[in-house]
Amino acid sequence: MDIIEKIHELKVVPVVVLNSVDEVEDKIGGLVEGKLPVAEITFRTACAAEAIKKSIELYPDALIGAGTVINAKQCEAAIKAGAKFIVSPGFADDVDLVCKAHDIPYLPGIATPTEIIHAISLGHKIIKFFPASIYGGLKAIKSLAAVFPDVKFLPTGGINEDTYLEYLAFDKIIAVGGSWMTKGSHEEIVAKCLQIHEGK
Ligand code: 3PG
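Just so it is clear, the model here is predicted, and its values are computed rather than measured.

Here is what the cut-offs are and how they apply
Residues numbered from 1 in each chain as written. Predicted model: local features only at pLDDT ≥ 70, side-chain atom pairs only at ≥ 80, totals over all residues. Heavy atoms only, no water. Near = heavy atom within 4 Å. Polar contact = N/O pair within 3.5 Å; in protein donor to acceptor, adjacent residues only side chain to side chain. Areas by Shrake-Rupley, 256 points an atom, 1.4 Å probe, with all protein chains shown as cover. Nonpolar A, V, L, I, M, F, W, Y, C, P; charged D, E, K, R; others polar. Pairing = 2+ DSSP bridges. Helix = DSSP H or I, 4+ residues; strand = E, 2+ residues; numbered from the N terminus. Buried < 20%, exposed > 50% of the residue type's maximum accessible area, 1.4 Å probe, protein only. Arc of directions from axis to C-beta. Contact = heavy atoms within 4.5 Å. Right-handed = clockwise from strand over helix to strand, strands pointing away.

(A) Local environment of the site of the ligand. Around the ligand, a shell composed of Val15, Arg44, Lys128, Phe130, Thr156, Gly157, Gly158, Gly178 and Ser179 is seen. The side chain of Arg44 places a nitrogen or oxygen atom 2.3 Å from an oxygen atom of the ligand. Burial of the ligand by the protein chains amounts to 79% of its free accessible area of 310 Å². For the shell around the ligand, a count of residues per class yields two nonpolar, five polar and two charged.

Next comes the structure, spelled out in C-alpha cells:
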C-alpha cells in the first residue's frame, strides 16, 4: 500500500522524541502493542537515525518515519536508516529535493496560504498544518481548504485525546499527528493507543 494511503488508514501519527535508543522498546513497542504501529521519530535528539534503524529491526511491520527533519543531512541520515516518510515543521527546499531523489513522501509543515502556494508549486498536495492549535485549529484548516480544494492536511501541534476526533471528522484531513499518546510508561502508551484504536 502507498505510504500516504497507509497514514490515512492509520489516522493518527504519533510524534516520538527518544532520548536514547534504549527507549525504543518502551515507546515504539508501546505503539505497536497498542495497535497504532506508526511513528514519526523526531530529529530533535541525536539518536534519531539510530532509533529509526532499531525500530525497523524490532518492528518490521510498523510504519516508521522521521520528523523535525530540517536539513538535507538529517534527511539523508533518516532515509539511510530506513525512514519511510519525512516530516518537517516548515518547508525545507533541500529536504524536498532529497526526498524526491529517493522517491520518499515528504510532508512539509505549513501555517499560511503563501507557504501552501509554495508547496503546491513544488508538487505537494498533502501538508502538515503546524502548530495546528496555535494557528487556528480546525477553523483555520477549513478556511484554507476552501481556498485550496486539492490540498489535504495532517494537522499537528497541540492536538490531544479530547480534540483529535473533531479534526478527523473533516474529510480534508488525512490524519492527525501528536505526541499525547507517547508520554508516560510503556503501559500508559499501550492504553492510550488502544483507546485511539477503539475510538477511530
Ligand atoms: C510536532 O513535532 O509535530 C509536535 O511537537 C507535536 O505536537 P504536540 O507535542 O503538541 O502533539
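(B) Spotlight on the sheet that holds strand 6 (residues 109–110). Taken in spatial order, the three strands of this open sheet run 6-7-8, and their pairing is parallel. The open sheet has two edge strands, strand 6 and strand 8 (152–155), and neither has a second partner. Here strand 7 (residues 126–129) pairs with strand 8 via four bridges, running parallel. Bridge assignment links Phe129 to a residue of strand 8, and that residue is Pro155.

(C) Looking closely at helix 1 (residues 3–10). Among all positions in helix 1, only Ile3, Ile4, Ile7 and Leu10 are buried. Buried residues of helix 1, viewed axially, fall in a sector of 125 degrees; they line one side. Against the buried residues of helix 1 lie strand 1 (12–16), strand 2 (38–42), strand 3 (63–67), strand 5 (106–107), strand 7 and strand 8.

(D) How the structure looks around the pairing of strand 1. Burial analysis of strand 1 places five of its five residues in the buried class, the great majority of the element. In the sheet, strand 1 pairs with strand 2 via two bridges, with the strands oriented parallel. For Val15, the partnering residue across the bridge sits in strand 2 and is Glu40. Running through helix 2 (residues 24–33), the crossover from strand 1 to the neighbouring parallel element strand 2 is right-handed.

(E) Region of interest: the environment of Asp96. Within the fold, Asp96 resides in helix 5 (residues 93–102). Sequence separation of Asp96 and Cys75 is 21 residues, and the distance between their C-alpha atoms is 9.1 Å.

So far we have only geometry, and geometry alone does not tell us how the molecule works.
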